[in-house]
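Examination of the molecular architecture
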Amino acid sequence: MMRTDVHLLDNPRSEAGRRCDAHAALFDPTTFRHIERSGIGSGWRCWEVGAGGMSVVSWLAKKVGPTGRVVVTDPDTGWVPPAVRPPVQPRVHDMGTDEPPGEGFDLVHARLVLAHVPDRERALRTMIRALRPGGRLVVEDADPALQPLACPDERGPEQQLANRVRHAMRDVLAGEGVELAYGRRLPRLLREAGLRQVGADVYFPFTSPACGALESATVGQARAQLVAAGLVTDQDIDRHLANVAAGGMDLVTAPLISAWGRKA
């Protein structure tokens, strides 16, 4: 199977585990709140798309219990612990080209996935097709174009460098085909796809230790591409990472837009 969604921040890279941990710390409470709203319970059949980590998968497994099912898909499932047991079912799956790993799901959820998929419209249709009538879709994606700064309070050289590195990261991601404004489109796309009871909200983490952890892991993971593009130097990145580690900056992440709807 040829992968069509390989991207700069792919799971196999060394910093990916730290990024997943930071995502869990920052975004799991928001994700869980939205999925709870769907009415998830014992026996539900769930598809977790492009998980990259176990925090949401484990939470879903507890919610659905032994009579439920949690299909977790990713182009590379090497990060899934070997001891994982039902109701969790890992599957190698490419959202860009593959058919859904089943049908009749009560819930399909994806976080920070679709903006990186080249044919994201097809991927969204695939997710919706996999739902049973009345099933729930929850899609969450960042919108870096909505808030482009790492440090909104740009009061000195440390903050100025952080913002320059963030701009460079956005340029590299855009060059890879990532849609930086995808998050804001989600409510409209869900309505246009025929979903009912569509809603959305935005979560915007600010000045959290996990914001610093995510910044360090993300910049470390993209370092070679940032330097190769001529946008920043190795010395810039070393200085920025040292500034982040010192803990004196009020860092922010891109806003996470969560959208949800029910299949008719």
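Rules used in this analysis
- Residues numbered from 1 in each chain as written.
- Predicted model: local features only at pLDDT ≥ 70, side-chain atom pairs only at ≥ 80, totals over all residues.
- Heavy atoms only, no water.
- Core = buried A, V, L, I, M, F, W, Y, C linked by side-chain atoms within 4.5 Å.
- Buried < 20%, exposed > 50% of the residue type's maximum accessible area, 1.4 Å probe, protein only.
- Helix = DSSP H or I, 4+ residues; strand = E, 2+ residues; numbered from the N terminus.
- Contact = heavy atoms within 4.5 Å.
- pLDDT = per-residue confidence, 0-100.
- Phe/Tyr/Trp six-rings, centres within 6.5 Å; stacked < 30°, edge-to-face > 60°.
- Lys NZ or Arg CZ within 6 Å of the ring centre and 35° of its normal.

Focus: the nonpolar core
If you look at the biggest cluster of nonpolar residues, it comprises 38 residues, and the most contacted ones within it are W47, L114, L124, M127, L137 and L226. If you list the elements that add at least two residues to this core, you get β1 (45–49), β4 (105–111), α3 (120–129), β5 (131–142), α4 (157–175), α5 (186–192) and α6 (209–228). Considering every element that reaches this core, the biggest residue donor is α4, with six residues. Sequence-distant contacts of M127, defined by excluding residues within four places in its chain, comprise W47, V49, M95, V108, A110, L114, L137 and V139. In terms of nonpolar packing, the next biggest core, distinct from the first, is built from 17 residues, I35, W44, V57 and V72 among them.

What to know about unusual backbone geometry
P87 follows P86 through a cis peptide bond whose omega is 15°. Along the polypeptide, P87 turns up in the loop between β2 (69–74) and β3 (88–92). Despite not being glycine, L112 shows a phi value in the positive range, around 60°. We note that T207 has phi near 55°; this positive angle belongs to a residue other than glycine. When you line up the elements, T207 lands in the loop between β6 (196–203) and α6.

Examining the confidence of the model for the protein chain
On average, the protein chain scores 93 in pLDDT, and the residues at 70 or more come to 94%. Predicted confidence is poor over residues 1–6, with pLDDT under 50, and the contacts of this stretch with residues over four places away or in other chains come to 20 contacts.

Quick word on the packing of aromatic side chains
The full count for this structure, using the stated rule, is three aromatic pairs. Seen from their ring centres, F32 and W59 are 4.3 Å apart, and the 5° between their planes marks the pair as stacked. With F32 in helix α1 (residues 16–37) and W59 in helix α2 (residues 55–64), the pair connects residues that are 27 residues apart, well separated along the chain. Classification of W59 as buried rests on a relative accessible area of 15%. Judged by centre distance (5.9 Å) and plane angle (35°), the rings of W47 and F105 are tilted. With W47 in strand β1 and F105 in strand β4, this residue pair connects regions lying 58 residues apart in the sequence. A relative accessible area of 0% means that F105 is categorised as buried. If you follow R37 out to its NZ or CZ, it ends over the ring of W260, 4.4 Å from the centre. The residue whose ring lies beneath R120 is Y182, and the NZ or CZ to ring-centre distance is 5.8 Å.

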